[in-house]
Amino acid sequence: VKAHYNWSMYQALLNATKRSLRAMKLRLSSNRRSEQGLPPAFFEVELQLDGIGVRLVPSVEEIQAAINGGAVAVLKCSKMIEAWDTVTIPKNVQLILNPNLP
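About the cut-offs
Each chain has its residues counted from 1, following the order in which its sequence is written. Reporting of local features is limited, given that this is a predicted model, to residues whose pLDDT is at least 70; pairs of side-chain atoms are given and counted only at 80 or more, and all residues count toward the totals for whole chains, interfaces and linings. Only heavy atoms go into the side-chain values, all of them from the structure, while hydrogens and water stay out. Helix and strand definitions follow DSSP, with helices as H or I runs of at least four residues and strands as E runs of at least two, each counted in order from the N terminus. For each residue, the accessible area found with a 1.4 Å probe, counting protein chains only, is set against the maximum for its type, and the residue is called buried under 20%, exposed over 50%, and partly exposed in between. Throughout, a contact is declared for two residues whenever any of their heavy atoms are within 4.5 Å. N or O atoms within 3.5 Å of each other form a polar contact, as long as, within protein, one can give a hydrogen and the other can take it, and as long as residues adjacent in sequence are counted only when both atoms are side-chain atoms. A residue's pLDDT is simply how confident the predictor is in it, with values from 0 to 100. To estimate how far a helix should reach, multiply one less than its number of residues by 1.5 Å. Two aromatic rings, drawn from Phe, Tyr or Trp (for Trp, its six-membered ring), form a pair once their centres lie within 6.5 Å of each other, and the interplanar angle then sorts them: stacked below 30 degrees, edge-to-face above 60, tilted otherwise.

1. Things to note about the overall build of the protein chain
Here's step 1: In terms of regular secondary structure, the protein chain is built from four helices and two strands.
Here's step 2: For the protein chain, the succession of helices and strands along the chain, N to C, is α-α-β-β-α-α.
Here's step 3: Here the protein chain holds 102 residues, and 11% of them are scored as buried.
Here's step 4: By sequence separation, contacts in the protein chain at least 24 residues apart represent 42% of the contacts at least 6 residues apart.

2. Structural notes on the side chain of Ser78
Here's step 1: Along the chain, Ser78 turns up in helix H3 (residues 60-79).
Here's step 2: Within the structure, Ser78 has its side chain in polar contact with the side chain of Thr17 (distance 2.4 Å).
Here's step 3: With sequence-adjacent residues up to four places away left out, Ser78 is seen in contact with Leu13 and Thr17.

3. A word on the confidence of the model for the protein chain
Any segment with low pLDDT has predicted coordinates that should not be analysed in fine detail.
Here's step 1: Looking at the protein chain as a whole, the pLDDT averages 80, with 72% of positions reaching at least 70.
Here's step 2: The least confident element of the protein chain, judged by mean pLDDT, is helix H2 (residues 33-36) at 61; the most confident is H3 at 91.

4. Comments concerning H3
Here's step 1: Compared with an ideal rise of 1.5 Å per residue, which puts 20 residues at 28 Å, H3 spans 28 Å between its outermost C-alpha atoms and is within 8% of the ideal.
Here's step 2: Looking at the buried positions of H3, the neighbouring elements they touch are helix H1 (2-28).

5. Describing the packing of aromatic side chains
Here's step 1: Tallied over the entire structure, the rule returns one aromatic pair.
Here's step 2: Between the aromatic rings of Trp7 and Tyr10, the centroid separation amounts to 5.1 Å while the plane-to-plane angle is 40°, which identifies the pairing as tilted. In this pair, Trp7 and Tyr10 both sit in helix H1, three residues apart, roughly one turn of the helix.

Take a look at the structure:
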């Protein structure tokens, strides 16, 4: 019984993490959001002409850092949840949860 609930918890956590990352991906896409009834994008980007060329505000580096920070936050939330029984978790997942295992 313990193994069943542990596996169910693992599957629920995996699905929640995947859905969160997928939701981020959808909010970052460039589809026509208002026509499809989707929530607004996470941020807006402006194009500015500076006489020599065009630049983005915020910059691509700032946008990428924000996206990476959001993804890392989702993964950290999942990683903070303790496993009930590590015996029933596959070895490759155990190594992800705790890289210091033998």
